[in-house]
Amino acid sequence: MFAEERHRKIVDLLHAHGTVKVKQLSGMFHVSEDCIRKDLSYLEKMQLVKRIYGGAVLPRENTLDPTLAKRKIEDDQGKRIIAQKALSLIQPGDTIFLDISTINAILARLLLQSGKRVTVVTNMVEIIEEFATQSNVTLIATGGTFNQFCDGFIGSICIDAISQYRFDLGFLGVVGADPYQNRTYSYEAEEGLTKRAIVRASRKAYLLLEEKKFSRDGNYQVLPLDHFAGVITEKTPEPKVLEALGQLNIEVL
């Protein structure tokens, strides 16, 4: 088999399974492991794969978008589906945390419409504004260092406030999730550290994310995916993603 044909087959296997291993490819193509490593090195230079220890995965997208308004209007219908599912998990009397997330902003509006009497703790300005008038929701704002890009509060003061609570449920957004490497991502360190504090303070923490974010990265690793009780998404993920999530024992809603 020529190297070019082997390269095509390796990329096809990656698209089918999400990850490949050097040892498995060596046996499949009847070549040395060193030969496979050279193949993967070449494919990485061509930006067709990303090498990891013992194998390779598909390259992932880092979508740093500084425009909050654009993020708010992206796939609004999908975000509403996710928010509706999250709402169904909330029981009257719960104390919940709504993280900085455009989906959580929609969830906040749905909570108001539902009439459920709950306590909401949040660090997102838009959510604070939603609950500013008298409503069925008892609102607690964390305070902290205001981040204009996030439209919310992050940092040490915010983290200290969060650590004083024990939430029944925490709902968080991330910019990307990698089920093959068991990782979640944020754009910056302080934002990621704040999210870690929310998960630690929650009896159950759920990720709210569109299916496309399973192929996106950020700049800072937040937590392993298996630290979350489940993932709520707008449609069934691809089979290879579902398989990876199943191996991590993560519920997909």
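Residues numbered from 1 in each chain as written. Predicted model: local features only at pLDDT ≥ 70, side-chain atom pairs only at ≥ 80, totals over all residues. Heavy atoms only, no water.

Caption draft 1: Up close: the pairing of strand β5 (residues 95–98). In the sheet, β5 pairs with strand β6 (residues 118–122) via four bridges, with the strands oriented parallel. For T95, the partnering residue across the bridge sits in β6 and is T119. (Pairing = 2+ DSSP bridges. Helix = DSSP H or I, 4+ residues; strand = E, 2+ residues; numbered from the N terminus.)

Caption draft 2: A look at the pairing of strand β7 (residues 137–141). Here five bridges tie β6 to β7, and the two strands are oriented parallel to one another. When the bridges of β7 are listed, T122 appears paired with A141. This β-α-β element, β6 to helix α7 (residues 125–130) to β7, shows right-handed connectivity. (Right-handed = clockwise from strand over helix to strand, strands pointing away.)

Caption draft 3: Spotlight on unusual backbone geometry. At H30, a residue that is not glycine, the phi angle is positive and equals roughly 60 degrees. Within the secondary structure layout, H30 lies in the loop between α2 (22–29) and α3 (33–45). Under the relative-accessibility criterion, H30 is labelled exposed at 73%. Despite not being glycine, N249 has its phi angle at roughly 60 degrees, a positive value. (Buried < 20%, exposed > 50% of the residue type's maximum accessible area, 1.4 Å probe, protein only.)

Caption draft 4: Inspection of a nonpolar patch on the surface at higher detail. A cluster of nonpolar side chains, contributed by Y42, M46 and L48, occupies part of the molecular surface with about 290 Å² of accessible area. Topologically, L48 is positioned in the loop between α3 and β2 (50–52). Accessibility expressed as a relative area gives 39% for L48, which makes it partly exposed. (Patch = residues over 30% accessible without salt bridge, like charges linked within 9 Å, V, L, I, M, F, W, Y side chains within 5 Å. Areas by Shrake-Rupley, 256 points an atom, 1.4 Å probe, with all protein chains shown as cover. Salt bridge = Lys/Arg side-chain N within 4 Å of Asp/Glu carboxyl O.)

Caption draft 5: Geometry of the packing of aromatic side chains. Here the structure, examined in full by the defined rule, presents four aromatic pairs. For the ring pair F171 and Y206, a centre distance of 6.1 Å and an interplane angle of 25 degrees mean the geometry is stacked. One end of the pair, F171, is in strand β10 (residues 167–172); the other, Y206, is in strand β13 (residues 202–208), and 35 residues separate them in sequence. Across this residue pair, the class does not change: F171 and Y206 are buried. In textbook terms, an aromatic cluster arises when at least three aromatic residues are bridged by ring pairs, as seen for F97, Y165 and F167. (Phe/Tyr/Trp six-rings, centres within 6.5 Å; stacked < 30°, edge-to-face > 60°.)

Caption draft 6: Looking closely at the confidence of the model for the chain. With 93% of its residues at a pLDDT of 70 or more, the chain shows a mean pLDDT of 89. Note that pLDDT drops below 50 for residues 66–70; the model gives that stretch four contacts with residues more than four away or on any other chain. (pLDDT = per-residue confidence, 0-100. Contact = heavy atoms within 4.5 Å.)

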